[in-house]
Amino acid sequence: MTTLFDSYRLGDLTLPNRVVMAPMTRVRAAAGGLATASMATYYAQRATAGLIVSEGVQPSLLGQSSPGTPGLHTDEQVAAWRQVTAAVHTNGGRIFAQLMHSGRVSHRDTTGSRPVAPSAVAAVGEVFTPTGPQPAPVPRALESAEVPEQARSYAEAALRAVDAGFDGVELHGANGYLISQFLSSNANLRTDRYGGSVTNRIRFAVEAVSATVDAIGGARTGIRLSPGGTFWGVEESDVPALYTALLTELARLDLAYVHLEATADDDVLLALRRVWPGTLVVNPVLPMGPKQTGRTDADRWLELGAELISFGRAFIANPDLVERLRTGVPVAPVDESTYYQGGDAGYLTYPSYQHTA
């Protein structure tokens, strides 16, 4: 039987185990969206993961969601990320950059521009801005001729990611951000080729992934999805048909993986497992739910057919999570108040188990 600690071949990479560190926003970047030495230490501490997926990285200034998030759209950002990727590789790890275009989940005070989206429909909730939380604004609907440029922004950032030393990229197609907004039936009210039917609603996702594959190759490209998820107020009609159509199109591109969040019932996810012929990463626990992914959740999804299992919050307080899972050592709890507060406290200050005795 496959275990979490068996190696796995992912594209050109050999992963020493099946544990993936899921992308998690930590808002520790410096001014200008620059990665920092602390970020290099943070990721290097967790390099025993089979694969690390970075926090969401904006592919353009327009795509930035919150203050303090890093980018991959300037030469300075590329140079800053090299200290992170070098530190991870020096510690024996592998790291993909998650490319996250926020779409409507942003604010003019953060980017200097009105957010863009498939349609002029505001997200539900408050967005973070330099002066604190503010209601999500009504975005500007992209003109038909503008949509391909936003799709290409992922590919341009992917080229920069490879230049910065990343082993690949994951497009953030989940959780109510731009790709997810196009998939949605209430955030996307378009009547052109990017809206309405299932075929049209998946078009932006397919174009963004295709452009990225053309830029850096399918073996270095993954995508994260949250079927049926309702983050930031998005809704999706006919989830099984929508994601079956999407995965059928993506299957032509020989991607490194598809990363599914457990935002739908098991029967839906298992049906998508049957549709998707490539590597499947599963995140078994809802991102903001009441519990962290544990060994039982991971083993269950390995039995159900996932090749890799991603762990999010458990990695924050446990830089040595892989070894804790291997040996059955307790997983330390995380201090949620430090998620987004900045600084090194609650970021670099969680010790490995042998130092807590």
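The paragraphs below set out a description of the structure included in this document. This is a predicted model, so every value here is computed, not measured.

This paragraph deals with the overall build of the protein. When you go through the protein residue by residue, the secondary structure sums to 12 helices and 14 strands. A globule of 357 residues ought to have a C-alpha radius of gyration of about 21 Å, and the protein, at 19 Å, matches this closely. Structurally, the protein occupies a C-alpha span of about 60 × 45 × 35 Å along its principal axes. Within the protein, one finds 28 positive and 35 negative side-chain charges whose respective centroids are separated by 1 Å.

The next point concerns the pairing of strand β5 (residues 95-99). The element β5 is extensively covered by neighbouring structure, given that five of its five residues are classed as buried. On β5, burial covers both faces: Ile 95, Ala 97 and Leu 99 on one face and Phe 96 and Gln 98 on the other are all buried. In the sheet, strand β4 (residues 51-57) pairs with β5 via four bridges, with the strands oriented parallel. When the sheet's bridge partners are listed, Val 57 is paired in β5 with Leu 99. In terms of handedness, the path from β4 via helix α2 (residues 75-90) over to β5 forms a crossover that is right-handed. Where β5 lies against strand β10 (residues 168-172), four bridges are found, and the strand directions are parallel. Directly across from Gln 98, in β10, lies its bridge partner Glu 170.

Another point: the nonpolar core. Counting 90 residues, the largest nonpolar core has Leu 72 and Leu 250 as its most contacted members. For this core, the element with the highest residue contribution is helix α7 (residues 203-216), accounting for seven residues.

A few words on the pairing of strand β13 (residues 280-283). Here β13 shows a buried face lined by Leu 280 and Val 282 and a second buried face lined by Val 281 and Asn 283. Here strand β12 (residues 257-261) pairs with β13 via four bridges, running parallel. Within β13, the position partnered with His 259 by the bridge is Val 281.

One non-glycine residue with positive phi stands out, namely Val 27, at about 40°. Take Val 27: it is sitting in the loop between β3 (19-21) and α1 (37-45). One non-glycine residue, Asn 175, lies in positive phi territory at about 60°. Within the element layout of this structure, Asn 175 appears in the loop between β10 and α5 (178-183). For Asn 175, a relative accessible area of 10% translates into the label buried.

The next point concerns the packing of aromatic side chains. Counted according to the given criterion, the structure contains nine aromatic pairs. Ring geometry for Phe 128 versus Tyr 340: centroids 6.2 Å apart, planes at 50°, classification tilted. Here the residue Phe 128 occupies a position in the loop between β7 (126-127) and β8 (134-135), and Tyr 340 occupies one in the segment after α12 (321-327), the gap between them amounting to 212 residues. A relative accessible area of 45% places Phe 128 in the partly exposed class. Where Tyr 154 meets Phe 204, the ring centres are 6.3 Å apart and the plane angle is 65°; that geometry is what we call edge-to-face. Taken together, the residues span a long stretch of sequence, with Tyr 154 in helix α4 (residues 147-163) and Phe 204 in helix α7 at a distance of 50 residues.

Right, let's talk about the sheet that holds β12 for a bit. Overall, parallel pairing links the eight strands, which are arranged β3-β4-β5-β10-β11-β12-β13-β14 in a closed barrel. Each strand of the sheet is rotated relative to its neighbour by a mean of 25°, with strand direction disregarded. Note: β3 against β4, two bridges, orientation parallel. Bridged to Met 21 within β4 is Ile 52. The sheet strands contacting α1 are β3, β4 and β5, and the helix crosses β4 at an angle near 145°. Taken strand by strand, α2 contacts β4 and β5, and its axis lies near 145° from that of β5.

Looking at where Gln 64 falls in the secondary structure, it is placed in the loop between β4 and α2. Aside from chain neighbours lying at most four places away, what touches Gln 64 is Gln 58, Thr 69, Ser 102, Ser 106, Thr 110 and Thr 111.

With that settled, the discussion passes to the environment of Ser 60. Among the structural elements, Ser 60 can be located in the loop between β4 and α2. With 191 residues separating them in the primary sequence, Ser 60 and Ala 251 have C-alpha atoms 27 Å apart. Every residue in contact with Ser 60, bar those within four places of it in the chain, is listed here: His 73 and His 101.

So, about α4. For α4, with 17 residues, the first-to-last C-alpha span of 25 Å sits near the 24 Å given by 1.5 Å per residue. Residues of α4 that are buried: Val 147, Gln 150, Ala 151, Ser 153, Tyr 154, Ala 155, Ala 157, Ala 158 and Ala 161. Taken together, the buried residues of α4 touch β5, β10, α5 and α7. In the stretch just after α4, Gly 165 is the one whose phi turns positive, near 100°.

Tallied over the full model, the rule gives 12 salt bridges. For Glu 261, the salt bridge identified is with Arg 224, shortest N-O distance 3.0 Å. Taken together, the residues Glu 261 in strand β12 and Arg 224 in strand β11 (residues 221-225) connect sequence positions 37 residues apart. Arg 224 matches Glu 261 in its accessibility class, with the two residues each being buried. For Arg 295, the salt bridge is made with Asp 299, and the minimal N-O distance between the two is 3.2 Å. One end of the pair is Arg 295 and the other is Asp 299, both in helix α10 (residues 295-303) and four residues apart, which spans about a single turn.

Parameters at a glance
Residues numbered from 1 in each chain as written. Predicted model: local features only at pLDDT ≥ 70, side-chain atom pairs only at ≥ 80, totals over all residues. Heavy atoms only, no water. Helix = DSSP H or I, 4+ residues; strand = E, 2+ residues; numbered from the N terminus. Rg over C-alpha atoms; globule rule 2.2 N^0.38 Å. Lys, Arg positive; Asp, Glu negative; His and termini not counted. Charge placed at Lys NZ, Arg CZ, Asp CG, Glu CD. Buried < 20%, exposed > 50% of the residue type's maximum accessible area, 1.4 Å probe, protein only. Pairing = 2+ DSSP bridges. Right-handed = clockwise from strand over helix to strand, strands pointing away. Core = buried A, V, L, I, M, F, W, Y, C linked by side-chain atoms within 4.5 Å. Phe/Tyr/Trp six-rings, centres within 6.5 Å; stacked < 30°, edge-to-face > 60°. Axes fitted to C-alpha atoms, helices over the stretch in contact; angles between N-to-C directions. Contact = heavy atoms within 4.5 Å. Expected span 1.5 Å × (residues − 1). Salt bridge = Lys/Arg side-chain N within 4 Å of Asp/Glu carboxyl O.

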